[in-house]
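Understanding the architecture of this molecule
Chain by chain, the residues:
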Amino acid sequence: KAGVTQTPRYLIKTRGQQVTLSCSPISGHRSVSWYQQTPGQGLQFLFEYFSETQRNKGNFPGRFSGRQFSNSRSEMNVSTLELGDSALYLCASSLQGQLTMSYNEQFFGPGTRLTVL
Amino acid sequence: AQSVTQLDSHVSVSEGTPVLLRCNYSSSYSPSLFWYVQHPNKGLQLLLKYTSAATLVKGINGFEAEFKKSETSFHLTKPSAHMSDAAEYFCVVTSNTGKLIFGQGTTLQVKP
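A brief structural summary. (Residues numbered from 1 in each chain as written. Chains lettered and ligands numbered in written order. Predicted model: local features only at pLDDT ≥ 70, side-chain atom pairs only at ≥ 80, totals over all residues. Heavy atoms only, no water.)

Quick word on the interface of chain A and chain B
Formally: Note on contacts: a residue pair is in contact if any heavy atoms of the two residues lie within 4.5 Å. Each of two parts loses accessible area, computed with a 1.4 Å probe, when they are put together; buried area is these two losses added. We define a salt bridge as a side-chain nitrogen of Lys or Arg found within 4 Å of a carboxyl oxygen belonging to Asp or Glu. Polar contact is the term for a pair of N or O atoms within 3.5 Å; when the atoms are in protein, one must be able to donate a hydrogen and the other to accept it, and sequence-neighboring residues count only if both atoms are side-chain atoms.
Taken residue by residue, the interface counts 22 residues in chain A and 17 residues in chain B. With both chains or domains summed, chain A and chain B bury close to 1,500 Å², and 55% of this area falls on carbon and sulfur atoms. At the boundary of chain A and chain B, one finds 0 salt bridges. Here chain A and chain B share 1 residue pair in polar contact (both at pLDDT 80 or more) between them.

Written out as structure tokens, the structure is:
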């Protein structure tokens, strides 16, 4: 089975622009979660989508949004980019998602490294 | 609220010597705990998980961790380090809503 894929792998934007990142989960996985990784804040949960619905959300401003399509692929959008948005954005997929009673392993993609100038 | 603290930001060992990466957690309920590893320019890979079964958990690549409720610890160990173990390691706890809460990470350096 192919793993989680993220595109693009690297992205350079300027302040004020917007950006869209894409994540294709493992075939059959219905849950996609997004994380932001920075040297200062570490790994922080952004949101989770399951069957096209946002099911869980971290503490990020409304500039960060996402969606999931019927084939479980997910996109994350950041509007009005700030310098502090420079980070590695990781996507993870799992079979049933985070709200199941037993843990479903999350499989991570390689990430998209976003640089905001 | 759940939280996790990795006690060392950087650990350096010689190849062939034991590895100990320390993690303490805080949780108001019985937690699920994990260790993930991240090699440079790669995503995270699950090493092992504790989900209230056996307290000594064995993972991939010879790693294991012991859940100690009395000490609120979940330290990661390996008897003999290999050069390929050099990476960043994350201790993770689940929140009561299922979110993964990551520690700040420990960079493991393995010297030849």
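As for the pattern of salt bridges
Residue and element names in this part refer to chain A. Put simply, the rule is: Helix and strand assignments come from DSSP, with helices taken as H or I runs of at least 4 residues and strands as E runs of at least 2, each series counted from the N terminus. Classification of residues uses two cut-offs on accessible area relative to the type maximum, computed with a 1.4 Å probe and protein chains only: under 20% is buried, over 50% is exposed, and between them is partly exposed.
Tallying each qualifying case throughout the model produces 8 salt bridges over all chains. For glutamate 82, the salt bridge goes to arginine 63, with nearest N and O atoms at 3.6 Å. You can see glutamate 82 sitting in the loop between β8 (74–78) and β9 (87–94) and its partner arginine 63 sitting in the loop between β6 (53–57) and β7 (64–68), a full 19 residues away along the chain. Judged by relative accessible area, glutamate 82 falls into the partly exposed class, the value being 42%.

What to know about the side chain of A:Asn77
All names here are of chain A. Tracing the backbone through its elements, the reader meets asparagine 77 in strand β8. Taking the relative accessible area as the measure of exposure, asparagine 77 reaches 18% and is therefore buried. One polar contact links asparagine 77 to threonine 20, side chain to side chain, over a distance of 3.0 Å. If we ignore the near neighbours within four places in the chain, the residues touching asparagine 77 are Gln18, Val19, Thr20, Arg63, Phe64 and Ser65.

The values are spatial; any link to function lies outside them.
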